[in-house]
Amino acid sequence: MAAANIPLLTWCVAVALLAGLTGLWERLAWRGVQVSVRFRPARIFGGEPVDVVVHIANAKRLPLPLARLTVRLPAGLMPGWGSAPSTFRGHYRRLFLPGRSETVLELPIRVRNRGEYRLDGVELEISDPFDLLSVSRTIEEEAELLVMPEPRITAPVPILRRLPFGAPSPAARMFEDRERFAGVRPYEPGDPLNRIHWKLTAHAGELQTKLFEPTRSADVLLVLDLAGGEPFWDNVFPGIAEDVIGWASVIGRRAFASGWRVGLLANTHFRRGRGLLRVPASSARGHEAALFAALARMPAEPTADLAPVLREAGRRLAGGSTAVVISARPGPALREEVGRLRRRGAE
């Protein structure tokens, strides 16, 4: 009878031993293991190279005999050209990591379109030398990639020649820095109403005009028409909108390189009920990155006609400022508003 129970006892001991080893391996496998994931660089223009950088460190003496790393990419990102073909969109690596060591994996990716991207998931599975017991974890990393737009077609040379960026004349002119208040003076005929300091006017009993510190950096406002004509709801073409956004990226880079302060206005919304997309011109640190981030995240669908939007913005546009209206098919109302801006002194 005892002899008949020996196989059963042996099986029970094996199951108990396997369960104990599994629990021990689950406690020891991830001890001292740290994983970090990031994009390098985190901001690129379309077509530039970018890598997913995975850093794995094993601080304990016990090595990791077998580790499997899976990086899943979101829609719009693809493995680099040099990557081995796979059945899923992402990267897969097997590696051995000795005790008290670390490794860095640089996984190339390709970008299809502009936008903001986050990894769908990063999973690391650690197994024993015989690949019998494995434990896995999903790495929670807030790695973000911001892809800024590049033009799909080249802007015509005659249009580029009309832009003032880089020409000697803007550098020789003096403008007013609307962010630096310098005082007031008595009102003179011809001063615009938006320059009157109404509080001091009420205190002094006569009109007072605001003064600002002089600067050689002028303001330029990029005005984007994402519609293919008027009215906007009947002319929604994402391809045209992408071309307009790409042209704005090129013109913005030329303006920043020439020392201009650049603002942005478009007839679309980031979110419903949040107002039209606006980025005021500024010389503050980080403004260039903020403007190109807005171009990267901008929806490719118009939510209003540009003509009334430009009319409102034109009332606050300072004399001597430059407004660059980018429209694939400007309608009659938009052309009329551009003419009004020119008559007010805007270039």
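Nothing here was measured: the structure is a model prediction, and the numbers come from that model. (Residues numbered from 1 in each chain as written. Predicted model: local features only at pLDDT ≥ 70, side-chain atom pairs only at ≥ 80, totals over all residues. Heavy atoms only, no water.)

Draft legend 1. Up close: the overall build of the protein chain. In terms of regular secondary structure, the protein chain is built from eight helices and 17 strands. In the protein chain, of all internal contacts separated by at least 6 residues, the share reaching a separation of at least 24 is 74%. Surface accessibility of the protein chain: about 19,600 Å² in total, with carbon and sulfur atoms responsible for 55%. (Helix = DSSP H or I, 4+ residues; strand = E, 2+ residues; numbered from the N terminus. Contact = heavy atoms within 4.5 Å. Areas by Shrake-Rupley, 256 points an atom, 1.4 Å probe, with all protein chains shown as cover.)

Draft legend 2. Summary view of unusual backbone geometry. Cis geometry is found at the peptide bond from R40 to P41, where omega equals -10°. In this fold, P41 is placed in the loop between β1 (33-40) and β2 (43-45). A cis amide bond links E230 with the next residue in sequence, P231, at an omega value of -5°. The backbone of R100 sits at a positive phi, close to 50°, despite the residue not being glycine. Inspection of the secondary structure assignment puts R100 in the loop between β6 (90-97) and β7 (101-111).

Draft legend 3. A look at the sheet that holds strand β14 (residues 219-225). Judged by pairing direction, the sheet is mixed, and its four strands sit side by side in the order β16-β15-β14-β17 without closing on themselves. The open sheet terminates on both sides in strands that have one partner only, identified here as β16 (277-279) and β17 (322-327). This sheet shows a mean twist of 15° between the axes of neighbouring strands, independent of strand direction. Direction of pairing for β14 relative to strand β15 (residues 261-266): parallel, over a ladder of six bridges. Residue pairing across strands places V220 opposite V262, the latter belonging to β15. Docked against the sheet, helix α5 (residues 238-257) engages β14, β15 and β17, running at close to 175° with respect to β14. (Pairing = 2+ DSSP bridges. Axes fitted to C-alpha atoms, helices over the stretch in contact; angles between N-to-C directions.)

Draft legend 4. Highlighting the sheet that holds strand β11 (residues 144-148). Read from one edge to the other, the open sheet built from three strands follows the order β2-β11-β8, with strand pairing classed as mixed. Each edge of the sheet is formed by a strand with only one pairing partner; in this case those strands are β2 and β8 (115-118). Looking at each pair of strands side by side, their axes are set apart by 25° on average, direction ignored. Pairing of β8 with β11 involves four bridges; the strand directions are antiparallel. Note that in β11 the partner of G115 across the bridge is V147. Of the strands in this sheet, β2, β8 and β11 are in contact with helix α6 (residues 287-297), which crosses β11 at around 85°.

Draft legend 5. How the structure looks around the packing of aromatic side chains. In the structure shown here, the tally under the stated rule is three aromatic pairs. Here the aromatic rings of F45 and F292 are separated by 5.5 Å at their centres, their planes lie at 80°, and the arrangement is edge-to-face. You can see F45 sitting in strand β2 and its partner F292 sitting in helix α6, a full 247 residues away along the chain. F292 gets classed as buried once you look at its relative accessible area, which sits at 3%. Pairing F256 with F292 gives two aromatic rings, centres 5.9 Å apart and planes at 50°, and the pair type is tilted. Placement of the pair is F256 in helix α5 and F292 in helix α6, with a sequence separation of 36 residues. Here a set of aromatic residues connected by ring pairs shows up, and it is made of F45, F256 and F292. Looking at R329, its charged tip hangs above the ring of F237, at a distance of 5.6 Å from the centre. (Phe/Tyr/Trp six-rings, centres within 6.5 Å; stacked < 30°, edge-to-face > 60°. Buried < 20%, exposed > 50% of the residue type's maximum accessible area, 1.4 Å probe, protein only. Lys NZ or Arg CZ within 6 Å of the ring centre and 35° of its normal.)

Draft legend 6. Summary view of the pattern of salt bridges. According to the stated counting rule, one finds 10 salt bridges in the structure shown. We note a salt bridge from E125 to R68, for which the minimum N-O separation is 3.5 Å. In this pair, E125 is assigned in strand β9 (residues 121-127) and R68 in strand β4 (residues 64-72), connecting sequence segments 57 residues apart. For E125, a relative accessible area of 22% corresponds to the partly exposed category. Take R68: its relative accessible area is 11%, and that puts it in the buried class. (Salt bridge = Lys/Arg side-chain N within 4 Å of Asp/Glu carboxyl O.)

Draft legend 7. Expanded view of a nonpolar patch on the surface. Residues Y187, L193, W198 and L207 make up a contiguous nonpolar surface patch of about 420 Å² in total accessible area. By the secondary structure assignment, Y187 is in the loop between β12 (175-186) and α4 (198-204). (Patch = residues over 30% accessible without salt bridge, like charges linked within 9 Å, V, L, I, M, F, W, Y side chains within 5 Å.)

Draft legend 8. Spotlight on α5. A rise of 1.5 Å per residue sets the reference length of α5, with its 20 residues, at 28 Å; its end C-alpha atoms lie 29 Å apart and thus fit the reference within 8%. Phi for G259, located one or two positions after α5, is positive at around 90°. (Expected span 1.5 Å × (residues − 1).)

Draft legend 9. Region of interest: the nonpolar core. Counting 33 residues, the largest nonpolar core has V35, F39, V52, V54, V71, L124 and L145 as the members making the most contacts within it. Contributions of two or more residues to this core are made by β1, β3 (50-58), β4, β6, β7, β9, β10 (134-139) and β11. Setting aside chain neighbours within four positions, we find V54 in contact with V35, S36, V37, L69, V71, T103, V104, L105 and L107. Among the nonpolar cores identified, the runner-up in size contains 31 residues, and V220, V244, I245 and M298 belong to it. (Core = buried A, V, L, I, M, F, W, Y, C linked by side-chain atoms within 4.5 Å.)

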